[in-house]
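Residue strings, one per chain:
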Amino acid sequence: AGMVITAHRAGYSVGGAMWRVRSAGEDVLYCVDARHAAERHAPAAAIESFGAQRTSVVITDARALDRDPGVPSRPRAAVERELVEAVLRTLRAGGNVLVPVDATTRLIEVALILDEAWREQTLGGAYDLVLAHAMARNVVELARCQLEYMSPAVQRDFDTATTAKRARHPLALSEVRVATTVDEALNANADSPKCVLASRAEMDYGAAASIARSFAADSSNLILSVSRVYHGSDPIVDVAHFAWSRGFVSPLMGAELEEYEKTRELEKAQKAKDDEKRQRALNLASDLIRFEDDEEEAA
């Protein structure tokens, strides 16, 4: 009798869960946005925890079907190497890089990859690696407090560290500068080429949208999308076009601004007239109702 709900590791993000619901002999698995492959900071989905027991119903997404089945998955090391090379190629040419990411999933993974590259190649003095998010410090601190949910490799690095090394947490991100505003992200170390990680991945609003507007004016800059982005259930192939189509535009200036303000004033004046007409109609209706009530009382 009763219902048992159990959370199982879903991979992909720290603390992400699949939910198993057991009731009246039925076994239901809610498994959305899970990942079978291990990553730097997040272990693979805990599929093995279900054993040989059959599940009555599985509720999942079909986003994996967006992949071309004829193209095999590439090794993680190759993908990470390509990411680092693309970033450094732009920075060495004097450009800046924006990596729009989802703060709840890709941010920590990409930050770990780039932080390691910065440390190994001693890039901190030449290039600025920035994490821009209003709650950036909270995101990083929260991730550091969830070591038990991270990959075995991260846990092993922490458990086997000597006392001298213990001060360096696996998520120390010592090469990453945290910025809570766009102004702080772009204007600090202004002379250094920058690689900025910012949310959201869709660039429709938030820090990523503001920084993209700033970077888009210079063809030497790069906007590097590392996530599969969706609008509802539809995958977005051209993220930049999607962002622009949802209002990702430059501020109006000059004659365009004057025309816009004139139109807004006309719309406001028309709305005021419509409101006045509506109020008169309501007042008239109210007077008629009172008149009818008075007649009924007199009769």
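So, here is what we can say about the structure in this document. (Residues numbered from 1 in each chain as written. Predicted model: local features only at pLDDT ≥ 70, side-chain atom pairs only at ≥ 80, totals over all residues. Heavy atoms only, no water.)

This part is about the side chain of histidine 133. By the element assignment, histidine 133 lies in the loop between β6 (128–132) and α3 (136–144). Setting aside anything within four residues of it in sequence, one finds histidine 133 in contact with Ala103, Ala179, Thr180 and Ser199. (Helix = DSSP H or I, 4+ residues; strand = E, 2+ residues; numbered from the N terminus. Contact = heavy atoms within 4.5 Å.)

What follows concerns the nonpolar core. Residues Val87, Leu91, Val99, Leu114, Trp118, Cys195 and Leu197 are the most contacted members of the largest nonpolar core, which totals 35 residues. When contributions to this core are tallied by element, the ones reaching two or more residues are α1 (76–92), β5 (97–100), α2 (106–120), β6, α3 and β8 (194–198). Per-element tally for this core: the top contributor is α2, with 9 residues. Judged by nonpolar contacts, the second largest core, of 14 residues, contains Leu98, Leu186, Ala198 and Phe215. (Core = buried A, V, L, I, M, F, W, Y, C linked by side-chain atoms within 4.5 Å. Buried < 20%, exposed > 50% of the residue type's maximum accessible area, 1.4 Å probe, protein only.)

Further remarks concern a nonpolar patch on the surface. On the surface, a nonpolar cluster with roughly 580 Å² of combined accessible area is contributed by Met3, Ile5, Trp19, Tyr30, Val57 and Ile59. Of all the secondary-structure elements, those providing two or more residues to the nonpolar patch are β1 (3–9) and β4 (57–60). Position of tryptophan 19 relative to the elements: it lies in strand β2 (residues 17–23). We classify tryptophan 19 as partly exposed; its relative accessible area is 38%. (Patch = residues over 30% accessible without salt bridge, like charges linked within 9 Å, V, L, I, M, F, W, Y side chains within 5 Å. Areas by Shrake-Rupley, 256 points an atom, 1.4 Å probe, with all protein chains shown as cover. Salt bridge = Lys/Arg side-chain N within 4 Å of Asp/Glu carboxyl O.)

Between its first and last C-alpha atoms α1 spans 24 Å; for 17 residues at 1.5 Å apiece the expected length is 24 Å, and the two agree. Residues of α1 that are buried in the fold lie against β5, α2, β8 and β9 (222–223). (Expected span 1.5 Å × (residues − 1).)

Turning to the sheet that holds β1, a few remarks are in order. Across the sheet, which stays open at both edges, the 4 strands sit in the order β1-β2-β3-β4 with mixed pairing between neighbours. Strands with a single pairing partner mark the edges of an open sheet, and in this sheet they are β1 and β4. Strand-to-strand twist of the sheet, defined as the mean angle between neighbouring strand axes without regard to direction, takes the value 15°. Judged from the 5 bridges that link them, β2 and strand β3 (residues 26–31) form a sheet pairing that is antiparallel. If you follow tryptophan 19 over to β3, its bridge partner there is tyrosine 30. (Pairing = 2+ DSSP bridges. Axes fitted to C-alpha atoms, helices over the stretch in contact; angles between N-to-C directions.)

Moving on: the pattern of salt bridges. Summed over the entire model, instances satisfying the criterion amount to 9 salt bridges. Linking arginine 177 and aspartate 128 is a salt bridge whose minimum nitrogen-to-oxygen distance equals 2.6 Å. With a gap of 49 residues between them, arginine 177 in strand β7 (residues 177–179) and aspartate 128 in strand β6 connect regions that are remote in the sequence. Neither residue differs from the other here; arginine 177 and aspartate 128 are each classed as buried. Where aspartate 128 meets lysine 194, a salt bridge forms, and the shortest distance between an N and an O atom there is 3.8 Å. Pair noted here: aspartate 128 is in strand β6 and lysine 194 is in strand β8, with a separation of 66 residues, a long-range link. Note on aspartate 128: relative accessible area 7%, which makes it buried.

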